[in-house]
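Residues per chain, in single letters:
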Amino acid sequence: MTRVTQLTAVSIVKRQGQRPTESFDKAKLHQSIVAASLSARTPPGQADNIAQAVTNYVLEWLEHRPEVTSHDLRLVATRHLRAHHPDAAYLYEQHKTTL
Amino acid sequence: MDIASSLAIVTLAALIHASFQLSVSVLTLLSGHAIGTKTSQARVLRLTFGFVSGVGVMTLLTLSFISLVFLHLFGPNAPQYIWAIACGLLVGVGLAVWFFYYRHEKGTTLWIPRSFARHLSDRSKATKHSAEAFSLGLTSVLSELLFIAAPMIISALVLIQLPGMWQLVGIAIYSVISLMTLFSIWVLISSGHKLSGIQKWREDNKHFIQFAAGGALAVLGFFVYVTKIMSDIAGTI
């Protein structure tokens, strides 16, 4: 509970400052990992477990950082997701560079 | 130019059109978002089919529109300088595709304005109904006009010379062949293939696709220049 309270204060700098900074949203990160895993045809239960594990890793990484960029957040999440599901990690990483 | 040569030119132009990747990228994003939000497979199929249909309809309409404009402006035989401009455009766009089609970064990011790419990406995420997917298909063809205009213009110039029935056949051939890539991706998604595999293949082969599309545009420009302009000049002499 303490950790979550602390992490709500983490600021996410979006797109090199071109969009307004926003607070870290654990649910949003979790949802994006679930979506990437589902896109890689992972069963929903497994996708949720993977997302939980990756979100926990990211929360640990964020513990002593008051401000991070969305790009760094994505890199860290991708690195941990790769260990669990390489295909999902590839889609998660590629999301911004497909078009 | 006889009917067989004309249809061969239309076929090659349509193959070049099929090698362009913007619609494929949007289809990949659209299906990725749909699958990622636990949408049923039947709904994913409807959405992606709506998108492919939109692309097909807009391709057909655009080619018909360009042909109609040319027919009104020049009649069935366009002046030679128009053919020369079209050939120059093909070679020019071919060179541009070689150098600028993909951005020099990871992934399959294209050289289109970023605001445009963001709009298409956001719309693909927000699309929930087949009708929206259909309109996204229409829009994605317009977004690609910069690259597909050259093969469409040369096809239109070739088509207006043909008898009415063969014009329709030519337009149908162009529309069907230009949809081949999208249709293949649709079949792969429908049959449960992983999007990551499709996207990885696209990324691994992007330079080949870029080289092939640019090269084919230049070859088509040269071929039309020789078969139409040079042969006409030789015939006059």
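(A) The confidence of the model for chain B, seen in detail. Residues and elements named next belong to chain B. Confidence in the prediction for chain B averages 94 pLDDT; 100% of positions are at 70 or higher. Across chain B, the element-wise mean pLDDT spans from 90 in helix α5 (residues 114-126) up to 97 in helix α8 (residues 164-178). The complex prediction reports pTM at 0.91, with the ipTM value standing at 0.86.

(B) Just the interface of chain A and chain B, in detail. Contacts between the two partners involve 14 residues from chain A, matched on the other side by 24 residues from chain B. Residue assignment for the side of chain A that touches chain B shows that the elements contributing at least two residues are α2 (26-39) and α5 (86-94) of chain A. Considered class by class, the residues forming the side of chain A that touches chain B number eight nonpolar, four polar and two charged.

(C) Representation of the confidence of the model for chain A. Residues and elements named next belong to chain A. The predicted model of chain A averages 88 in pLDDT, with 90% of residues at 70 or higher. Model confidence for chain A, summarised as mean pLDDT per element, is weakest for helix α1 (residues 2-7) at 47 and strongest for helix α3 (residues 44-62) at 96. Segment residues 1-6: pLDDT under 50, and two contacts once partners within four positions in sequence are set aside and those in other chains are kept.

(D) Here's a closer look at the sheet that holds strand β2 (residues 19-23) of chain A. Residues and elements named next belong to chain A. Taken in spatial order, the three strands of this open sheet run β2-β1-β3, and their pairing is mixed. The open sheet terminates on both sides in strands that have one partner only, identified here as β2 and β3 (67-69). Looking at each pair of strands side by side, their axes are set apart by 25 degrees on average, direction ignored. Relative to β2, strand β1 (residues 11-14) runs antiparallel, the two being bridged by three bridges. Within β2, the residue paired with Ser11 across the bridge is Ser23. Contacts from helix α4 (residues 70-84) reach β1 and β3, with the element oriented near 80 degrees to β3.

(E) A look at the environment of Arg118(B). Residues and elements named next belong to chain B. Structurally, Arg118 can be placed in helix α5. Under the C-beta neighbour-count criterion, Arg118 is labelled partly exposed, with 13 such atoms within 10 Å. Sequence separation between Arg118 and Ala131 is 13 residues, and the spatial gap between their C-alpha atoms is 20 Å.

(F) The arrangement of helix α4 (residues 80-100) of chain B in detail. Residues and elements named next belong to chain B. Here α4 spans 29 Å end to end across 21 residues, near enough to the 30 Å set by a 1.5 Å rise per residue. Turning to α4, its buried residues number three or more, namely Ala86, Cys87, Leu90, Val93, Gly94 and Val97. Looking down the long axis of α4, one finds its buried residues gathered within 130 degrees of arc, a one-sided arrangement. More than 90 degrees from the buried face of α4, the exposed residues found are Tyr81 and Phe99. Residues of α4 that are buried in the fold lie against α7 (145-159) and α11 (206-236).

(G) Inspection of the packing of helix α2 (residues 22-36) of chain B against helix α10 (residues 195-204) of chain B at higher detail. Residues and elements named next belong to chain B. The interhelical angle for the contact between α2 and α10, taken along N-to-C directions, is 160 degrees, at an axis separation of 11 Å. In this view, α2 runs roughly antiparallel relative to α10, as classed from their interaxial angle. Judged by the twist between their axes, the crossing of α2 over α10 is left-handed. Contacts between α2 and α10 involve Thr28, Ser31 and Gly32 from the first element and Leu195, Ile198 and Gln199 from the second. Within the contact of α2 with α10, the residues separate by chemical class into two nonpolar, four polar and no charged.

(H) Representation of the pairing of β1(A) in the model. In this sheet, β3(A) lies alongside β1(A) in parallel orientation, the contact comprising three bridges. Bridge assignment links Ile12(A) to a residue of β3(A), and that residue is Val68(A).

About the cut-offs
- Note that residues are indexed from 1 along each chain, following the sequence as it is written.
- Key to labels: chains lettered from A, ligands numbered from 1, both in the order written.
- Residues qualify for local features only when their pLDDT is at least 70, as the model is predicted, and side-chain atom pairs are given and counted only at 80 or more; totals for whole chains, interfaces and linings, by contrast, use all residues.
- Per-residue confidence from the predictor is reported as pLDDT, which spans 0 to 100.
- A run of H or I in DSSP becomes a helix once it reaches four residues, and a run of E becomes a strand once it reaches two; helices and strands are each numbered from the N terminus.
- Note on contacts: each residue gets a C-beta atom placed from the backbone, and two residues are in contact if those atoms are within 7 Å.
- Three classes are used: nonpolar for Ala, Val, Leu, Ile, Met, Phe, Trp, Tyr, Cys and Pro, charged for Asp, Glu, Lys and Arg, and polar for all others, with Gly counted as polar.
- We call two strands paired when DSSP finds no fewer than two bridges between them.
- Structural elements are reduced to axes, namely lines fitted to C-alpha atoms, with helices fitted over the stretch in contact, and the angle between N-to-C directions of any two is expressed from 0 to 180 degrees.
- Burial is judged by counting other C-beta atoms within 10 Å of a residue's own C-beta: 20 or more means buried, 12 or fewer means exposed, and anything between counts as partly exposed, with every C-beta placed from the backbone.
- Every helix has an expected span of 1.5 Å times one less than the residues it contains.
- The arc under discussion is defined with respect to the helix axis, by the directions toward the C-beta atoms.
- Just so you know how the angles are binned, under 35 degrees is roughly parallel, over 145 roughly antiparallel, 65 to 115 roughly perpendicular, and the rest oblique.
- By convention the crossing between two helices is left-handed if the near helix lies anticlockwise of the far one by an angle smaller than a right angle, and right-handed if it lies clockwise.

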